[in-house]
Amino acid sequence: MPRRMDRRAAIRMGSWGLASLALAQRAGPARADGGDELFRISLAQWSLHRTLFAGKLDNLDFARTAREGFGIDALECVNQFFEDKAGDETYLAEMRRRAEANGVRSLLIMVDGEGRLGDPDPGERSRAVENHHKWVAAAKFLGCHSIRVNAASEGAYEEQVRLAADGLRRLTEYGASHDLNVIVENHGGLSSNGAWLVEVMEKVDHPRCGTLPDFGNFRVADDEWYDRYEGVAEMMPYAKAVSAKSRDFDAEGNETQTDYRRMLRIVVDAGYRGHVGIEFEGEGVDEPEGIRRTKLLLERVRDEMTHTGIVP
């Protein structure tokens, strides 16, 4: 499988920081909130997916739960929890009202189940692009800066680059007409290959198209994993959001699969100053406890970085 060895070698040799500076304009402003912290913390709704699917929490109560339960003021919504409400302005207005009432902001909508933006069939690819239009409108209504999409495709490596870039470019142009970004998460298949996703970003070549690096989603195939630190480093020059995936913690409160200190150093060294979203997916503790532990870890590492010479 082809790889961008020149880019990856440059990262290892320490020249990645220069590359990220050169790409800063294309990636858009990294700090979206105007704050003075290294990064702020948001909550991905997927962290509560078992609670929501079980009917123990209503989507409309997510804003209050984030604020009152976890002290978090920024939301990453998931379309699966209001999938039939994208065109329901009354419902969306209630979501927005509750967010405002609780002093929280909706940052993005994570969109799944609307077709493959890199589908080899031209008709299916166009249909997937059009299916996402309603979520662009919903995200704009809620005050988000982005929708998160997937770059699923099939076929040979380079063909998937071409197909995914075609669908993403068309959707991004539509999003740009609404002052909204379209951002791609590493979410399985070739999208979990950092070098491949960079090629897609370069081919789309639009300032409103970016990435959402997820710390943990680097399974390319059943028996193939992409290096998570290398992948995040490759994606960061295009990042407009970041997902702190967590699953399990040791006795000291560290995530057992991802070295958060190493990973957050990569994020901050890229010049990113936006939100880092908690996305807990573990089973060893319940969802609220997993969210609290992830938040505490993010805060602890941020404080360490701030007091050891990394300043905003």
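Residues numbered from 1 in each chain as written. Predicted model: local features only at pLDDT ≥ 70, side-chain atom pairs only at ≥ 80, totals over all residues. Heavy atoms only, no water.

Caption draft 1: Spatial organisation of empty space enclosed by the protein. The full count for this structure, using the stated rule, is one cavity of 30 Å³ or more. Size it by volume and the largest cavity reaches roughly 90 Å³. Forming the boundary of the largest cavity are Asn59, Leu60, Phe62, Ala63, Leu75, Cys77, Glu94, Met95, Arg98, Ala99, Ser106 and Leu142. The element that contributes the greatest number of residues to the lining of the largest cavity is helix H5 (residues 89–101), accounting for four residues. (1 Å grid on protein atoms, 1.4 Å probe; cavity = no way out; pocket = protein on both sides within 12 Å on 5 of 7 lines; lining within 4 Å. Points joined across faces, edges and corners; volume = space filled by probe spheres on them. Helix = DSSP H or I, 4+ residues; strand = E, 2+ residues; numbered from the N terminus.)

Caption draft 2: Quick peek at the sheet that holds strand S10 (residues 275–280). Overall, parallel pairing links the eight strands, which are arranged S6-S5-S4-S3-S2-S1-S10-S9 in an open sheet. Across the chains shown, the open sheet's two edge strands, defined by having one partner strand only, are strand S6 (209–212) and strand S9 (242–246). Each adjacent strand pair in this sheet contributes to an overall mean axis angle of 30°, direction not counted. Across four bridges, strand S5 (residues 181–185) lies against S6 in parallel orientation. Residue Glu185 lies in a different strand from S6, and its bridge partner there is Leu212. Here helix H8 (residues 194–204) sits on the sheet in contact with S5 and S6, set at roughly 160° to S6. (Pairing = 2+ DSSP bridges. Axes fitted to C-alpha atoms, helices over the stretch in contact; angles between N-to-C directions. Contact = heavy atoms within 4.5 Å.)

Caption draft 3: Representation of the state of the cysteines in the model. A complete count under the given rule lists zero disulfides for this structure. Looking at the unpaired Cys77, the closest cysteine sulfur is the one in Cys144, lying at 5.8 Å. With a relative accessible area of 2%, Cys77 lands in the buried category. (Disulfide = S-S within 2.5 Å. Buried < 20%, exposed > 50% of the residue type's maximum accessible area, 1.4 Å probe, protein only.)

Caption draft 4: Spotlight on the pairing of S9. A large share of S9 lies buried, amounting to five of its five residues. Across the two faces of S9 the burial is the same, with Val242, Ala244 and Ser246 and Ser243 and Lys245 all buried. With helix H10 (residues 260–269) bridging S9 and its parallel neighbour S10, the resulting β-α-β unit is right-handed. (Right-handed = clockwise from strand over helix to strand, strands pointing away.)

Caption draft 5: Summary view of the pairing of S6. Of the two faces of S6, the one holding Cys209 and Thr211 and the one holding Gly210 and Leu212 are both buried throughout. Remark: the S5/H8/S6 crossover connection has right-handed handedness.

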